[in-house]
Amino acid sequence: MAPASSDSKNSRKKGCCLLKKILLIALVTGLFMGSSIMTADAYNQDHLKQIAKGQRKCSGFDLYGANMAGASLAGIDLSRANLTGTNFSEANLNHANLSDTDLSVSNLNNADLSHANLTNVNLYGKKLTGTNLANANLTNVNLKNADMNGANLRGVTLSNNNLQGFSWAGFDLTKAKISKTNLTGAVLSGAILTGATIENSNLSKADLTNANLQGAILKSVDLTGAQGITLDILQKYKVKID
């Protein structure tokens, strides 16, 4: 038998390499698909079925990675629930109780969280574009690196929070209730604080340039070194100071 030519050997060698690559791609694809399936099934399906049937007392439920986009969940109690990675985009969570949960990697885009209880919630780095937080309770919430541009914050309660250096420039905080909060060096230039109540809080070195303080109430607030806040401004907006 004639010895195999060098071209034939090279062809077989390339074929083997190509086969190995195909097998490797298939293996990796299979692993990712398996991972995706595991993620989809990570939540407790029984808990999800109970919610679908109208159950609203769901404290401690496991909804890890569940897709709740657009769901009507007004008044639901999800306190202490596992909401890691849960998709709540455009969901109605009006008056919902989400206290003691981690929402840092959940999707809250355009969700309605008005009047919701978000006490002790982790919103670290959360993008809250279009999220409705009107009259929501954000007591002791981790908002570090959170992006709240475009969020509705009218009437929001901010208590016992560290918002040092946080930028609220141009935000509408009408009738917001802010207490026991560190706003040292915060940027509130152009913010609307009409009818807002700020008490027992630190606003030292904060920038309040062009902020609308019409009818605002300031109680036990440290304004040392604050910019844009003068006696004339306080009189103009009829700000009450205790």
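Preceding this paragraph is the structure being described.
This section reports on the structure supplied with the text. (Residues numbered from 1 in each chain as written. Predicted model: local features only at pLDDT ≥ 70, side-chain atom pairs only at ≥ 80, totals over all residues. Heavy atoms only, no water.)

**Examining the overall build of the chain**
Inference 1: Within the chain one finds three helices and six strands.
Inference 2: Secondary structure of the chain in N-to-C order comes out as α-α-β-β-β-β-β-α-β.
Inference 3: Of all intrachain contacts in the chain linking residues separated by at least 6 positions in sequence, the fraction that spans at least 24 positions is 2%.
Inference 4: Of the roughly 12900 Å² of accessible surface on the chain, 52% is carried by carbon and sulfur atoms. (Helix = DSSP H or I, 4+ residues; strand = E, 2+ residues; numbered from the N terminus. Contact = heavy atoms within 4.5 Å. Areas by Shrake-Rupley, 256 points an atom, 1.4 Å probe, with all protein chains shown as cover.)

**Let's talk about the sheet that holds strand S5 (residues 217–219)**
Within a sheet, each strand pairs with its neighbour through backbone hydrogen bonds, oriented either parallel or antiparallel.
Inference 1: With parallel pairing, the six strands of this open sheet are ordered in space as S1-S2-S3-S4-S5-S6. At either end of the open sheet lies a strand with only one pairing partner, and these are strand S1 (137–139) and strand S6 (240–241).
Inference 2: Sheet topology note: the strand S2 (residues 157–159)/strand S3 (residues 177–179) ladder contains three bridges and is parallel. Each residue of the ladder has a partner; that of Ser159, found in S3, is Ser179. (Pairing = 2+ DSSP bridges.)

**Regarding helix H2 (residues 45–52)**
Inference 1: The backbone nitrogen of Asp46 has a side-chain oxygen 2.9 Å away, supplied by the residue at the start of H2, namely Asn44.
Inference 2: Gly54 sits one or two residues past H2 and shows a positive phi near 105°. (Polar contact = N/O pair within 3.5 Å; in protein donor to acceptor, adjacent residues only side chain to side chain.)

**Observations regarding the environment of His47**
Inference 1: On the secondary structure map, His47 appears in helix H2.
Inference 2: Spatially, the C-alpha atom of His47 lies 9.8 Å from that of Gly60, the residues being 13 residues apart in sequence.
Inference 3: The contact partners of His47, leaving out residues within four places of it in the chain, are Phe61 and Asp62.
Inference 4: For His47, the side chain forms a polar contact with the main-chain nitrogen of Asp62, separated by 2.9 Å.

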